[in-house]
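Secondary and tertiary structure notes
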Amino acid sequence: MTDVAAPVDCTASILAVGSELLGTTRLDTNSLFLAGELLTMGVRVVRKACVGDDAGDLGAELRVALGRAPLLVASGGLGPTADDRTKEVLAALLGRPLVRDEAILSRLRERFRRRGIEMPKVNEKQADVIEGAVVLANPRGSAPGFLVEAAGKTVVLLPGVPDELKAMWVEDAGPRLARVYGTTGYHRRTLKVGGLPESVVEERVEPVYAAHPDCPITILAAGGEVQLQFAVRGTPEEAGAALDRIERDFRKALGSDVFGRNDETLEGVVGDLLRARGLTLALAESCTGGLLAGRLTDVAGSSDYFLGSAVTYANAAKADLVGVSEETLERFGAVSEETAREMAFGARKRFGASVGVAVTGIAGPGGGSPEKPAGTVHLALDAADGTRGHRKLLMPGGRALVRRWTTSAALVMIRHYLMGRTEGGRK
Ligand code: AMP
Ligand code: MG
């Protein structure tokens with residue numbers, strides 16, 4: 001049995017439902033994920049929209065989206081509260097009744113029982129199914145999703161919570177649609193480069209662009225790294241082989257400055273290297289206030305190699321917690337190579353780590369001077385094997401960017417040390 005009728009043309013609309021998406025604080029990120037997944041199936045997105053929770057607006061928008069393409073993927077509004085009404089509005093539009101599904105109801109009750117709570121009555125409506133719809137499993141949450149076919153159209157309803165949407169897509173909705181649409185669309189790959197400015201990366205990879213004129217390649221800088229994104233159309237196998245060839249050319253041009261691909265992160269790659277070398281890491285952070293520790297501990301299992309960070313914001317903390325000398329602070333100032341080096345040494349000693357890394361700088365916007373403008377940051381590394389590293393950064397941009405870039409530069413510095421590429425010399 002197929003769940004979806006063969007498509008007449010390979011186009012789709014995406015609809016994001018939720019009044020918060022029309023306000024000032026929330027962005028529709030689900031559609032970015034969905035557009036990528038649909039592209040892999042060779043399905044072109046011809047329309048995407050956000051709509052609030054009002055039933056009238058939602059109905060009007062569903063009608064328009066269904067008029068534009070044979071496939072509509074909608075997210076949001078499947079929850080238990082009164083403003084979650086995507087399913088109800090679609091049912092009314094299709095003239096189909098909602099039928100309570102006892103199997104879903106008992107799964108929902110069980111889910112609550114496991115958390116030691118009796119299911120609130122409002123959740124019962126999550127067990128209502130549009131007559132004839134396929135129920136999509138939600139491995140991460142309570143709201144099931146639905147796949148409905150009516151009048152030659154296919155509608156997929158997914159939960160709004162991005163994690164739940166992705167899990168439902170990967171495990172259920174995606175494979176069902178792939179059985180109909182295939183997977184000979186665009187397959188994408190991202191290579192990530194650390195420690196080089198975008199213009200330098202661009203210069204080095206120009207010959208790669210020329211060697212692959214038919215491949216769309218995008219270069220973009222984000223958060224202290226540079227990404228190269230490219231896509232190839234074909235079966236997963238054909239496209240995979242072509243992507244491998246392009247990746248090889250990029251790696252030839254950029255060498256070990258390529259630190260990862262796709263979902264790999266700088267903090268994850270650094271963590272893997274530390275684990276592989278059997279080394280531990282400790283930090284002393286001033287202007288990043290613990291952000292570097294935050295990134296490192298975003299990685300599950302980081303306790304294998306990450307010992308801790310001293311957030312030494314005040315001068316007294318730099319002296320008390322990681323032993324920076326009063327004389328150094330007085331002579332060179334808190335934002336200086338000398339202080340950074342003593343912080344790195346002190347962090348290593350204090351935590352008993354193999355590698356100590358320190359960050360001290362002026363995140364701005366205030367606090368700068370002609371000699372040390374806002375955006376001046378000193379990074380230092382001090383390793384038990386005698387390696388000492390230092391880098392001075394001078395960054396434009398606001399406080400948030402300076403702090404983010406600093407964490408990336410520090411991670412690149414640690415990576416370089418672990419690959420035997422430390423700059424800043426031994427002392
Ligand atoms: P919902 O249950 O559909 O009301 O959504 C629950 C949560 O998911 C809220 O925090 C929403 O802001 C978030 N959310 C809903 N739709 C989207 C979307 N298109 N992109 C990103 N987050 C979303
Ligand atoms: Mg909502």
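Preceding this section is the structure that the text describes.
Computed from a prediction, not measured in an experiment: that's the story for all the values here.

With respect to the pattern of salt bridges
The tally for this structure, following the rule as stated, stands at 21 salt bridges. In this structure, R176 engages D172 in a salt bridge whose closest nitrogen and oxygen atoms are separated by 2.8 Å. You can see R176 and its partner D172 sitting in helix α5 (residues 162-181), four residues apart, about one turn around the helix. In terms of burial, R176 and D172 fall into one category: buried. For R341, the salt bridge is made with E337, and the minimal N-O distance between the two is 2.9 Å. Here the residue R341 and the residue E337 both occupy positions in helix α12 (residues 337-351), the gap between them amounting to four residues, near one helical turn. With a relative accessible area of 15%, R341 lands in the buried category. What makes E337 partly exposed here is its relative accessible area of 26%. It is possible to trace a salt-bridge network through shared partners that takes in R100, R109, K121, E124 and D128.

Looking at the pairing of strand β10 (residues 217-222)
Bridge count for β10 against strand β11 (residues 225-233) is six bridges, and the pairing is antiparallel. Among the inter-strand pairings, T218 is bridged to a residue of β11, identified as Q229.

As for α12
Its 15 residues give α12 an end-to-end C-alpha distance of 21 Å, which sits within 8% of 21 Å, the value for a rise of 1.5 Å per residue. Within α12 the residues assigned to the buried category are T339, A340, R341, M343, A344, G346, A347 and R348. Buried residues in α12 make contact with β13 (281-285), α10 (315-322), α11 (326-332), β15 (355-361), β16 (376-383) and β17 (388-394). Positive backbone phi, at 65°, marks G352, one or two positions downstream of α12.

Brief notes about the sheet that holds β11
If you trace the four strands from one edge of the open sheet to the other, you get β10-β11-β9-β12, paired in antiparallel fashion. Strands with a single pairing partner mark the edges of an open sheet, and in this sheet they are β10 and β12 (258-261). Across the sheet, the mean angle separating the axes of adjacent strands is 25° when strand polarity is ignored. As paired strands, strand β9 (residues 186-194) and β11 are joined by nine bridges and run antiparallel to one another. Within β11, the residue paired with R189 across the bridge is F230.

Notes on the sheet that holds strand β1 (residues 11-17)
Across a sheet, paired strands are connected by hydrogen bonds in the backbone, their directions being either parallel or antiparallel. What the six strands build is an open sheet, ordered β2-β1-β3-β8-β7-β6; its pairing is mixed. A single partner strand is all that each edge strand has here, and the edge strands are β2 (44-51) and β6 (134-136). Taking each pair of neighbouring strands and ignoring which way they run, the sheet shows an average axis angle of 15°. In the sheet, β1 pairs with β2 via seven bridges, with the strands oriented parallel. Bridge pairing links A16 to C50 in β2. Packed on one face of the sheet, helix α1 (residues 30-40) meets β1, β2, β3 (71-75) and β8 (153-158) and runs near 165° to β1.

What counts and how
- Residues numbered from 1 in each chain as written.
- Chains lettered and ligands numbered in written order.
- Predicted model: local features only at pLDDT ≥ 70, side-chain atom pairs only at ≥ 80, totals over all residues.
- Heavy atoms only, no water.
- Salt bridge = Lys/Arg side-chain N within 4 Å of Asp/Glu carboxyl O.
- Helix = DSSP H or I, 4+ residues; strand = E, 2+ residues; numbered from the N terminus.
- Buried < 20%, exposed > 50% of the residue type's maximum accessible area, 1.4 Å probe, protein only.
- Pairing = 2+ DSSP bridges.
- Expected span 1.5 Å × (residues − 1).
- Contact = heavy atoms within 4.5 Å.
- Axes fitted to C-alpha atoms, helices over the stretch in contact; angles between N-to-C directions.

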